[in-house]
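Residue-level structure breakdown
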Amino acid sequence: FSPELNQAAMERLAIEHQLHDALQRDQFVLHYQPRLARDGRVTGVEALIRWNRPGHGLQLPGRFIPVAEESELIVLIGEWVLAEVIRQLRMWLDAGLSAPSVAINLSARQLRLTSLPEQIAEALRSAGLPAPLLEFEVMESMAMENPERASLLLGRLRDMGIRLAIDDFGTGYSSLSYLKRLPFDYLKIDRSFVAEITHDNNDLAIVRGTIALAHSLGLTVVAEGVETAGQLALLTGADCDEFQRFHFARPLPADEL
Ligand code: C2E
Ligand code: MG
Ligand code: MG
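Computed from a predicted structure; not experimentally measured. (Residues numbered from 1 in each chain as written. Chains lettered and ligands numbered in written order. Predicted model: local features only at pLDDT ≥ 70, side-chain atom pairs only at ≥ 80, totals over all residues. Heavy atoms only, no water.)

1. Concerning the overall build of the protein chain
Counting its regular elements, the protein chain contains eleven helices and ten strands. Relative to the compact-globule value of 18 Å for 257 residues, the protein chain shows a C-alpha radius of gyration of 19 Å, a close match. Dimensions along the principal axes, computed over C-alpha positions, put the protein chain at roughly 55 × 45 × 40 Å. Among the 257 residues that make up the protein chain, the fraction classed as buried is 47%. Sequence separation of at least 24 residues holds for 67% of the intrachain contacts in the protein chain that already meet a minimum separation of 6. As displayed, the protein chain has an accessible area near 12,600 Å², and 54% of this comes from carbon and sulfur atoms. Between the centroid of the 24 positive side chains of the protein chain and the centroid of its 35 negative side chains there is a distance of 2 Å. (Helix = DSSP H or I, 4+ residues; strand = E, 2+ residues; numbered from the N terminus. Rg over C-alpha atoms; globule rule 2.2 N^0.38 Å. Buried < 20%, exposed > 50% of the residue type's maximum accessible area, 1.4 Å probe, protein only. Contact = heavy atoms within 4.5 Å. Areas by Shrake-Rupley, 256 points an atom, 1.4 Å probe, with all protein chains shown as cover. Lys, Arg positive; Asp, Glu negative; His and termini not counted. Charge placed at Lys NZ, Arg CZ, Asp CG, Glu CD.)

2. Notes on the site of ligand 1
Not every one of the 19 residues close to ligand 1 is listed here, only the nearest: Arg 50, Asp 167, Arg 191, Glu 227 and Phe 246. Bound to the protein, ligand 1 loses 87% of the 810 Å² it would expose on its own. Going through the elements one at a time, β2 (42–53), β6 (163–169) and β8 (220–226) are the ones with two or more residues in the shell around ligand 1. Among the elements that line the shell around ligand 1, the one with the most residues is β2, at four residues. Looking at side-chain class alone, the shell around ligand 1 contains seven nonpolar, four polar and eight charged residues. (Near = heavy atom within 4 Å. Nonpolar A, V, L, I, M, F, W, Y, C, P; charged D, E, K, R; others polar.)

3. Topic: the pairing of strand β4 (residues 102–106)
With four of five residues buried, β4 is to be regarded as a mostly interior element. Where β2 lies against β4, two bridges are found, and the strand directions are parallel. Counterpart to Glu 46 in the pairing with β4 is Ala 103. Relative to strand β5 (residues 134–139), β4 runs parallel, the two being bridged by five bridges. Bridge assignment links Ala 103 to a residue of β5, and that residue is Glu 135. (Pairing = 2+ DSSP bridges.)

4. Details of the coordination of the magnesium ion (ligand 3)
Looking at the metal site, the magnesium ion (ligand 3) is ligated by Asp 167 (OD), Asp 168 (OD), Glu 224 (OE) and Glu 224 (OE), spaced 1.9 to 2.6 Å from it. Ordering the donors of the magnesium ion (ligand 3) by residue number gives the pattern D-D-x55-E. Between the magnesium ion (ligand 3) and the magnesium ion (ligand 2), a separation of 3.9 Å is found, and both are coordinated by Asp 167. With a gap of 57 residues between them, Asp 167 in strand β6 and Glu 224 in strand β8 connect regions that are remote in the sequence. For Glu 224, a relative accessible area of 8% corresponds to the buried category. (Donors = N, O, S within 2.8 Å, 3.2 Å for Na, K, Ca; no water.)

5. Regarding the packing of aromatic side chains
Using the criterion set out here, one finds five aromatic pairs in the structure. Note on Phe 28 and Trp 80: the rings are 5.8 Å apart at their centroids and 50 degrees apart in plane angle, and the pair reads as tilted. Linking Phe 28 in strand β1 (residues 28–37) with Trp 80 in helix α3 (residues 73–94), this pair joins segments that are 52 residues apart in sequence. This pair shows no difference in class: Phe 28 is buried, exactly as Trp 80 is. (Phe/Tyr/Trp six-rings, centres within 6.5 Å; stacked < 30°, edge-to-face > 60°.)

6. Let's talk about the confidence of the model for the protein chain
In the predicted model, the protein chain carries a mean pLDDT of 94, and the fraction of residues at 70 or more is 100%. Per-element confidence in the protein chain ranges from a low mean pLDDT of 84 for helix α8 (residues 176–181) to a high of 98 for β4. (pLDDT = per-residue confidence, 0-100.)

7. Here we look at helix α5 (residues 116–127)
End to end, α5 covers 17 Å across twelve residues, agreeing with the expected 16 Å (1.5 Å per residue, within 8%). Listing the buried residues of α5 in full gives Leu 116, Pro 117, Ile 120, Ala 123, Leu 124 and Ala 127. Looking down the long axis of α5, one finds its buried residues gathered within 130 degrees of arc, a one-sided arrangement. Of the exposed residues in α5, those oriented more than 90 degrees away from the buried face are Arg 125 and Ser 126. Looking at the packing, one finds that the buried side of α5 touches α3, β4, α4 (108–111), β5 and α7 (147–159). Once α5 ends, the next one or two residues include Gly 128, with phi positive near 65 degrees. (Expected span 1.5 Å × (residues − 1). Arc of directions from axis to C-beta.)

In structure tokens form, the structure reads like this:
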């Protein structure tokens, strides 16, 4: 026990209480980060949640999503994210814009909701949107928590025409036999590997190996957190297909996107 620990626990408790209000008071906002192909074409965007927390400014998900994930709050937040993405897509289309497909991050608890595919289908149907406008990203560790259940649920989404990604690849434990059987379309290399590839040969080797493995399983490879020209050159040389790049586009509010 230490005063710092106590303070961290109090902060967590405060966040948990405030998150309930945040949903009621409409304090969440989605930013969108483009994903680029090798030729610079935008292949889709990722929806990333932020919280306009009173007295704290705009909070990044690392501050509050882990707290929300400890309870059913994450399910409510997940429902808000889905509804907000659907609303935004409808708005873009109604404004005559060509809407990009939007990738939504799913948490482990959402993967346990057998009603999730119906919820998503119903949201798409009532907004008159085609399913391929949505994509879902599942963290490696969450997919592997119960691969059979994940496979069943994700398979239903895939059957609807929704593309699926395995997120933060390399940070958790993967069973390669499950990786082969889970219905993913693309694999996202975690930015912790990308960060060091220009000066750590082991990370470069891991990234090259991951790309080769993914390609042989028929998966598209997306690198996250590409910040420098050197990283981009190495990734391109290693045959990486797509990139999320801070220096090209940070996560942006919808109007700026
Ligand atoms: P993620 O899904 O791996 O999202 C990518 C993160 O990498 C985002 O951080 C993004 O801002 C960051 N990033 C992208 N390019 C760069 C770069 O070039 N450099 C650096 N340093 N960072 C880059 P963010 O927005 O803070 O999100 C963190 C995590 O929070 C996400 O990781 C995701 O796991 C979670 N998250 C975000 N939104 C949601 C949501 O709506 N629902 C759930 N369940 N989780 C979410
Ligand atoms: Mg993601
Ligand atoms: Mg990621």
